[in-house]
Amino acid sequence: LAKTTQPISMDSYEGQEVNITCSHNNIATNDYITWYQQFPSQGPRFIIQGYKTKVTNEVASLFIPADRKSSTLSLPRVSLSDTAVYYCLLQTYGGATNKLIFGTGTLLAVQP
Amino acid sequence: DVKVTQSSRYLVKRTGEKVFLECVQDMDHENMFWYRQDPGLGLRLIYFSYDVKMKEKGDIPEGYSVSREKKERFSLILESASTNQTSMYLCASSLSPQRQSNQPQHFGDGTRLSIL
């Protein structure tokens, strides 16, 4: 399964837009790009998923260029409660199950 | 709302003990997963199951086994606990891709297991 690469940590301030970029040079045709958020002492929580172009939901946007070798999670106007670890994953469909590989994620620290 | 419940938040066991971690989901999901999470290593898949009585090894199955006798319950078993199995264990579930594509995994809040 293809691997993803993302920054280990990022800092931001309340009210700013935060963009976390993930590299996945060996993405396969059947792979979807999925982002999870994890707070301390909790399990990861699904944020957003996309295949190409742009996807937006109530909490984030996901930008995927045409070659799909990278993707950017955009969090608008972050608050202190957005401090968490964010994981970028490739999710492959077509088999009996949607097996995931988690990397070490990006620790986003939002300061007042 | 999907709920994945792990039986214990904290567990302390001794080396050599047989340890059972239980996970229950209430959304009729076909797929269930067990991960462990360690600092600097992220989440690593131990085992997963895509149907009752069906299981497949993940990336680090050594020292573990699983049981899925009912659709809603997936158990992780440490046959003879060792100190290097001290970790956070996370259970997850999801719909089968055959039923609906683009299905995320839903996680429990984890069991922090310490082996002394």
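Fair warning: this is a prediction, and the values are worked out from it, not measured in the lab.

Visitor: I tried to follow unusual backbone geometry on my own but got confused; where do I start?
Guide: Glycine aside, residues mostly have negative phi, and peptide bonds are mostly found in the trans state. Although it is not a glycine, A:Arg77 sits at a positive phi angle of roughly 50°. Tracing the sequence through the fold places A:Arg77 in the loop between strand 7 (70-75) and strand 8 (84-92). On the basis of relative accessible area, A:Arg77 is assigned to the exposed category, the value being 64%. Positive phi, close to 65°, is recorded for B:Lys53, a residue that is not glycine. Within the fold, B:Lys53 resides in the loop between strand 5 (42-51) and strand 6 (54-57). The exposure class of B:Lys53 is exposed, given its relative accessible area of 56%.

Visitor: When you look at the environment of B:Leu76 in this model, what are you seeing that I'm missing?
Guide: All names here are of chain B. Among the secondary structure elements, Leu76 is positioned in strand 8 (residues 73-78). Take Leu76: its relative accessible area is 0%, and that puts it in the buried class. Once the C-alpha coordinates of Leu76 and Ile46 are considered, the two residues, 30 residues apart in sequence, prove to be 9.1 Å apart. Once you skip the residues sitting within four places of it in the chain, Leu76 turns out to touch Val19, Phe20, Leu21, Trp34, Ile46, Tyr64, Ser65, Val66 and Tyr89.

Visitor: Even after reading the chapter, I still don't get the packing of aromatic side chains, so can you show me in this structure?
Guide: The relative placement of two aromatic rings is captured by the distance of their centres and the angle of their planes. Residues and elements named next belong to chain A. A full pass over the atoms with the stated rule returns seven aromatic pairs over all chains. Taken together, a centroid distance of 5.1 Å and an interplanar angle of 55° make the contact between Tyr32 and Tyr51 tilted. In this pair, Tyr32 is assigned in strand 3 (residues 31-38) and Tyr51 in the loop between strand 4 (45-50) and strand 5 (53-56), connecting sequence segments 19 residues apart. On the basis of relative accessibility, which here comes to 21%, the residue Tyr32 falls in the partly exposed class. Between Tyr36 and Phe46, the ring centres sit 6.0 Å apart and the planes meet at 80°, which makes this aromatic pair edge-to-face. Of the two residues, Tyr36 is situated in strand 3 and Phe46 in strand 4; the sequence distance between them amounts to ten residues. Overall, Phe46 belongs to the partly exposed group, its relative accessible area being 28%.

Visitor: I keep staring at the interface of chain A and chain B and nothing clicks. Help me out?
Guide: Often, the extent of an interface is quoted as the loss of accessible area on bringing the components together. Taken together, the contact pairs 21 residues of chain A with 26 residues of chain B. Summing the contributions of chain A and of chain B, the shared interface buries around 1,900 Å²; its carbon and sulfur component is 53%. Linking chain A to chain B there are zero salt bridges. Where chain A packs against chain B, one counts six residue pairs in polar contact (both at pLDDT 80 or more). Those elements that provide at least two residues to the side of chain A that touches chain B are strand 3, strand 4 and strand 8 of chain A. With three residues, the top contributor of residues to the side of chain A that touches chain B is strand 3 of chain A. By residue class, the composition of the side of chain A that touches chain B is nine nonpolar, eleven polar and one charged.

Thresholds, definitions, all that
Residues numbered from 1 in each chain as written. Chains lettered and ligands numbered in written order. Predicted model: local features only at pLDDT ≥ 70, side-chain atom pairs only at ≥ 80, totals over all residues. Heavy atoms only, no water. Helix = DSSP H or I, 4+ residues; strand = E, 2+ residues; numbered from the N terminus. Buried < 20%, exposed > 50% of the residue type's maximum accessible area, 1.4 Å probe, protein only. Contact = heavy atoms within 4.5 Å. Phe/Tyr/Trp six-rings, centres within 6.5 Å; stacked < 30°, edge-to-face > 60°. Buried area = accessible area lost by both parts, 1.4 Å probe. Salt bridge = Lys/Arg side-chain N within 4 Å of Asp/Glu carboxyl O. Polar contact = N/O pair within 3.5 Å; in protein donor to acceptor, adjacent residues only side chain to side chain. Nonpolar A, V, L, I, M, F, W, Y, C, P; charged D, E, K, R; others polar.

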